[in-house]
Amino acid sequence: MDVVSPSAVLDRAAATPRFASAAPATRRWAAPCGALPAAAAAFDVAVLAFAALAGEFVYRRLALGESPDFGGLAGGLLAGAVFVLLAQLAGLYRLPTLLAPGASLPRLALTVALAQLAVVSVLFLLKSGADHSRGATIAFAVLALTLTPLGRVALARAARAAIRRGAIQGSRVVTLGDPFELERLDDADFPDFGAEEVARVRLSGSAALGGGLLESDRVRVAQAIAWAREMRATEFAAVMPWGAEAALADLCSLMRQSPLPLRLYPDEKIRRVLRRGRDGGLGRRFSVTLLRAPLSAAERAAKRAFDVALAATALVALAPALLTIAALIRLESPGPAIFRQRRCGFDNCEFVMFKFRTMRVLEDRGPIVQASLNDWRVTRVGRLLRRSSVDELPQLLNVLRGEMSLVGPRPHAIAHDDEYKARIANYALRHHVKPGLTGAAQVAGFRGATPQLSQMERRVERDLWYVDNWSMALDLKILAATVFIAARFDAASRLAAARNHT
């Protein structure tokens, strides 16, 4: 069998498909694997706070015979907060590191020491060091350097066990690989990577022979991308010989059509080396990220929270103006005030986008002609709305629904998307983030009709620059530039109206 459907995982013992739903209806709620970093951070703070309390108790009760006043708790919490910041910078909250902490334990101990040194320095600068016993501080340091690594090892074992039980849902993975390597990949390996396999695609054996992917492999990769979208997968896993440079390069090139990350799991040779070597417990859980997602889970959450807050506020504030515009559209020409059109969004998923109707026609299917200067189809109200981009404001509803973002590449009609995918290289990479109400291309002047292909190419180039350079600060700059452009248009319109009046 070459390709295993999303609802069927290869049973290697019987060499026939065994059907098992990727998301059984009876499955109980499971915590997302992406919550592990936050849980680990809270656990680290708790361990350091406990070490501070235990250090003070040991020193005062056992060494001095005094009753502890537990004043060291504040120092422990402060050390915990500093440790979390430093550990984040050191990459100690990455999922592979949390599930296999062995190789990172020296970095972990160094980070604990730096956090404690920072706290001691702060106490010294505030001249409050006299309120803290040196003996209790030393006891805290010893316990923290001992308990924090032990706690991380225990947390990793508990997390892997919870993934196997289904209490923690691992990343939903679509696996692609060489037949030889897939035969030797055990289902039990996936929880060690923090993953849950939902579909498997078997490629040809060309990689093992040192060649690139065959045409049949390219078809299967396209099928894998479609299945990942259907199964709501969160990443791809490649199981191929690490020396197959041509095949891996081809695979990376093809997988760039999807916004999901691609990880390379160890092949049979690498696994044997890791099992024999002194890798600090890393073992089979080692993997290499070949392609990363444009935005991390934390960045996506921050962008989404910002979108919802600002879109909801804007809708409430602009409600009277939006209702007035809708009434003017209905009065000028027959038809609905809101125009609905299918657009291509994140990961090439279709959605229905809302706009104020600015034309006398409602085109959604078949050949769609872009609006042009002095287009007879555009109404008088519509002409004003289009010039000021006010016709896009109903897309605030798309933002609230999660189909769009405030800032991102502008979504095109399905017919135009199909055309430009075939004519512009890397056009599909625009769909690696959610489409936006405004975007980098628009504030740079690449907006409106694109009768020439070179105009769309420059717009796509700017969109891809945004995808590669996203930051929350960049979103704020684009929104500010959009408001400035709209205000400048309003001022120009007022000036033109005043001249006409005189």
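The following refers to the structure shown. (Residues numbered from 1 in each chain as written. Predicted model: local features only at pLDDT ≥ 70, side-chain atom pairs only at ≥ 80, totals over all residues. Heavy atoms only, no water.)

**Focus on the overall build of the protein**
Phase 1 of the analysis: Of the regular secondary structure elements, the protein holds 17 helices and 14 strands.
Phase 2 of the analysis: The proportion of buried residues among the 502 residues of the protein is 46%.
Phase 3 of the analysis: A sequence separation of at least 24 residues applies to 73% of the contacts in the protein between residues at least 6 apart.
Phase 4 of the analysis: Here the protein displays about 25,500 Å² of accessible surface, and carbon together with sulfur accounts for 62% of that area. (Helix = DSSP H or I, 4+ residues; strand = E, 2+ residues; numbered from the N terminus. Buried < 20%, exposed > 50% of the residue type's maximum accessible area, 1.4 Å probe, protein only. Contact = heavy atoms within 4.5 Å. Areas by Shrake-Rupley, 256 points an atom, 1.4 Å probe, with all protein chains shown as cover.)

**Structural notes on the state of the cysteines**
Phase 1 of the analysis: If you walk through the whole model with that rule in mind, you get 0 disulfides.
Phase 2 of the analysis: With no disulfide partner, Cys 349 has as its closest neighbouring cysteine sulfur the one in Cys 344, 7.7 Å distant. (Disulfide = S-S within 2.5 Å.)

**Here's the deal with the nonpolar core**
Phase 1 of the analysis: Val 174, Leu 176, Val 221, Phe 236, Leu 251, Met 255 and Leu 262 are the most contacted members of the largest nonpolar core, which has 29 residues in total.
Phase 2 of the analysis: Of all the elements in the fold, those that place two or more residues in this core are strand E6 (171–177), strand E7 (195–202), helix H8 (215–230), strand E8 (235–239), helix H9 (245–255) and strand E9 (262–264).
Phase 3 of the analysis: Among the elements that line this core, the one with the most residues is H9, at 6 residues.
Phase 4 of the analysis: Beyond its immediate stretch of four places on either side in the chain, Leu 176 contacts Val 201, Leu 203, Val 221, Ala 224, Phe 236, Ala 237, Ala 238, Val 239 and Leu 251.
Phase 5 of the analysis: Counting residues in hydrophobic clusters, the runner-up holds 27 residues, among them Leu 108, Phe 140, Ala 159 and Ala 162. (Core = buried A, V, L, I, M, F, W, Y, C linked by side-chain atoms within 4.5 Å.)

**Describing the pattern of salt bridges**
Close approach of charged atoms allows side chains of opposite charge to pair.
Phase 1 of the analysis: In the structure shown here, the tally under the stated rule is 16 salt bridges.
Phase 2 of the analysis: Among the salt bridges present, the one from Lys 303 reaches Asp 475, with a minimum N-O distance of 2.5 Å. Of this pair, Lys 303 sits in helix H11 (residues 297–332) while Asp 475 sits in helix H17 (residues 472–501), placing them 172 residues apart in sequence. Summarising the burial analysis for this pair, Lys 303 and Asp 475 share the class buried. (Salt bridge = Lys/Arg side-chain N within 4 Å of Asp/Glu carboxyl O.)

**Some details on the packing of aromatic side chains**
Here a ring pair, both rings aromatic, is described through the centre-centre distance and the interplanar angle of the planes.
Phase 1 of the analysis: A complete count under the given rule lists 1 aromatic pair for this structure.
Phase 2 of the analysis: Relative to Tyr 427, the ring of Tyr 420 lies with its centre 6.0 Å away and its plane at 40 degrees, an arrangement referred to as tilted. Assigned by exposure class, Tyr 420 and Tyr 427 land together as buried.
Phase 3 of the analysis: The side chain of Arg 462 reaches across the aromatic face of Trp 465, ending 4.3 Å from its centre. (Phe/Tyr/Trp six-rings, centres within 6.5 Å; stacked < 30°, edge-to-face > 60°. Lys NZ or Arg CZ within 6 Å of the ring centre and 35° of its normal.)

**Side note on helix H12 (residues 380–388)**
Phase 1 of the analysis: Listing the buried residues of H12 in full gives Gly 382, Leu 385 and Ser 388. One side of H12 holds all its buried residues, which, seen down the axis, span an arc of 135 degrees. Residues of H12 that are exposed and point more than 90 degrees away from the buried face comprise Arg 380 and Arg 387.
Phase 2 of the analysis: The N-cap of H12, judged by a side-chain oxygen 2.9 Å from the amide nitrogen of Gly 382 a few residues on, is Thr 379.
Phase 3 of the analysis: A positive phi of about 65 degrees marks Ser 389, the residue just after H12. (Arc of directions from axis to C-beta. Polar contact = N/O pair within 3.5 Å; in protein donor to acceptor, adjacent residues only side chain to side chain.)

**A word on the environment of Leu 406**
Phase 1 of the analysis: Position of Leu 406 among the secondary structure elements: in strand E13 (residues 405–407).
Phase 2 of the analysis: With a relative accessible area of 6%, Leu 406 lands in the buried category.
Phase 3 of the analysis: Ignoring any residue separated from it by four or fewer positions in sequence, one finds Leu 406 in contact with Phe 306, Asp 307, Leu 310, Ala 311, Leu 396, Val 399, Gly 436, Leu 437, Thr 438 and Leu 479.

**Some thoughts on the packing of helix H2 (residues 73–89) against helix H4 (residues 105–125)**
Phase 1 of the analysis: At a minimum axis distance of 8 Å, the contact between H2 and H4 shows a crossing angle of 130 degrees. Accordingly, the angle class assigned to the pair H2 and H4 is oblique. As H2 runs across H4, the sense of the crossing is right-handed. When H2 is examined against H4, the residues Gly 75, Leu 78, Ala 79, Val 82, Phe 83, Leu 86 and Ala 87 are found in contact with a partner set consisting of Leu 108, Thr 111, Val 112, Leu 114, Ala 115, Ala 118 and Val 119.
Phase 2 of the analysis: Here the residues of the contact of H2 with H4 are counted per class, giving 12 nonpolar, 2 polar and no charged. (Axes fitted to C-alpha atoms, helices over the stretch in contact; angles between N-to-C directions. Parallel < 35°, antiparallel > 145°, perpendicular 65-115°, else oblique. Left-handed = near helix turned anticlockwise from the far one by under 90°. Nonpolar A, V, L, I, M, F, W, Y, C, P; charged D, E, K, R; others polar.)

**A few points about empty space enclosed by the protein**
Phase 1 of the analysis: Counted by the stated rule, this structure contains 1 cavity of 30 Å³ or more.
Phase 2 of the analysis: Roughly 40 Å³ of volume is contained in the largest cavity.
Phase 3 of the analysis: Residue composition of the lining of the largest cavity, grouped by class: 5 nonpolar, 2 polar and 3 charged. (1 Å grid on protein atoms, 1.4 Å probe; cavity = no way out; pocket = protein on both sides within 12 Å on 5 of 7 lines; lining within 4 Å. Points joined across faces, edges and corners; volume = space filled by probe spheres on them.)

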